[in-house]
Amino acid sequence: LRAGLFDPLKLELIRQMTFENFELRADLDPEQAESLATAYELARGFAENPEGWLVFLGTCGCGKTHLAAAIANYRLRRRQPVVFAVVPDLLDYLRATFGPSSEVSYDELFEYLRQVDLLVLDDFGVHAGTPWAHEKLFQLINYRYVARRPTVIVVAGPLGLLEDRLRMRLTDRDLSRVVELGPVR
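Keep in mind that this is a model prediction, so the values were computed, not measured.

Participant: An account of the environment of E111 is needed here, citing residue identities and associated values.
Facilitator: Note that E111 resides in helix α5 (residues 106–115). Between the C-alpha atoms of E111 and L140, which are 29 residues apart in sequence, the distance is 9.0 Å.

Structure below.
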């Protein structure tokens, strides 16, 4: 994970999320259990061969972030460049690059995010609704969409809450696999 992009406490928690310690819980109803097992298998397959986009939907606590982090950790163990970022934090880091004490320029960081082998965005849709934040996220998503760069997106909330141009890219059937996890508590 790119040094300096992450809160150390969050990073340590993310590093611990692997496929090996992901729980396919036995206390779920059959539909939830099937949804979770399908998401797990798709995540494992994507980790082995990251092509296109994988978009996770579901309620809080259903395993979306764990699966996304497991993909990132799997690729990192194979020495592949990965950025795992919580979207509101990522927007803060991008804003901070404009400060005089920033060690990295905005252009350098943004280009790295556009080009990195695998970008994992957690809590997509939770970010502040400023025009700047919307535009930066759209630019990042659109670039990776057009370039077909492997991306995992964990959506916080229903897709219907996202603006149309983002939702259309996230659900493009030629690029994205949208996986809805059941509400696991």
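Participant: Help me get a handle on the sheet that holds strand β2 (residues 82–86), residues and values and all.
Facilitator: Strand order in the open sheet formed by 5 strands is β2-β3-β4-β1-β5, and the pairing between neighbours is parallel. Only two strands of the sheet have a single partner each, and these edge strands are β2 and β5 (176–180). Strand-to-strand twist across the sheet, computed as the mean angle between neighbouring axes with direction ignored, equals 10 degrees. Where strand β1 (residues 53–57) lies against strand β4 (residues 151–155), 4 bridges are found, and the strand directions are parallel. Note that in β4 the partner of V55 across the bridge is I153. Most of the contacts of helix α6 (residues 131–147) go to strand β3 (residues 118–124), to which it runs at about 140 degrees, and overall it touches β1, β3 and β4.

Participant: So what's going on with α6? Residues and values would help.
Facilitator: Its 17 residues give α6 an end-to-end C-alpha distance of 24 Å, which sits within 8% of 24 Å, the value for a rise of 1.5 Å per residue. Where α6 is concerned, the buried positions are A133, K136, L137, F138, L140, I141, N142, R144 and Y145. Where the residues of α6 are buried, they touch β1, α4 (87–96), α5, β3, β4 and α7 (164–170). Downstream of α6 by one or two residues, R148 has phi in the positive range, about 60 degrees.

Participant: Residues and numbers for the packing of aromatic side chains, please.
Facilitator: Summed over all chains, the structure comprises 7 aromatic pairs. Ring geometry for Y106 versus F110: centroids 5.3 Å apart, planes at 15 degrees, classification stacked. Of this pair, Y106 and F110 both sit in helix α5, 4 residues apart, which is roughly one turn of the helix. An aromatic cluster of at least three residues, connected via ring pairs, comprises F19, F22, Y40 and Y74.

Participant: Please give an account of the packing of α5 against α6 that cites residues and values.
Facilitator: How two helices pack is summed up by the angle between their axes together with the distance between the axes. As a packed pair, α5 and α6 sit with axes 8 Å apart at the nearest point and diverge in direction by 45 degrees. Taken together, the axes of α5 and α6 are oblique relative to one another. Across from Y106, F110, L113, R114 and Q115 in α5, the residues of α6 making contact are W132, K136, Q139, L140, Y143 and R144. Taken together, the residues of the contact of α5 with α6 sort by class into 6 nonpolar, 2 polar and 3 charged.

Participant: Which residues make up the pattern of salt bridges, and what values do they have?
Facilitator: Should the charged atoms of two oppositely charged side chains come close, the side chains can pair. All told, the structure shown has 6 salt bridges when counted by the stated rule. Among the salt bridges present, the one from R167 reaches D164, with a minimum N-O distance of 2.2 Å. Of this pair, R167 and D164 both sit in helix α7, 3 residues apart, which is roughly one turn of that helix. Taking relative accessible area as the criterion, R167 reaches 24% and is therefore assigned partly exposed.

So, how was this worked out
Residues numbered from 1 in each chain as written. Predicted model: local features only at pLDDT ≥ 70, side-chain atom pairs only at ≥ 80, totals over all residues. Heavy atoms only, no water. Helix = DSSP H or I, 4+ residues; strand = E, 2+ residues; numbered from the N terminus. Pairing = 2+ DSSP bridges. Axes fitted to C-alpha atoms, helices over the stretch in contact; angles between N-to-C directions. Contact = heavy atoms within 4.5 Å. Expected span 1.5 Å × (residues − 1). Buried < 20%, exposed > 50% of the residue type's maximum accessible area, 1.4 Å probe, protein only. Phe/Tyr/Trp six-rings, centres within 6.5 Å; stacked < 30°, edge-to-face > 60°. Parallel < 35°, antiparallel > 145°, perpendicular 65-115°, else oblique. Nonpolar A, V, L, I, M, F, W, Y, C, P; charged D, E, K, R; others polar. Salt bridge = Lys/Arg side-chain N within 4 Å of Asp/Glu carboxyl O.

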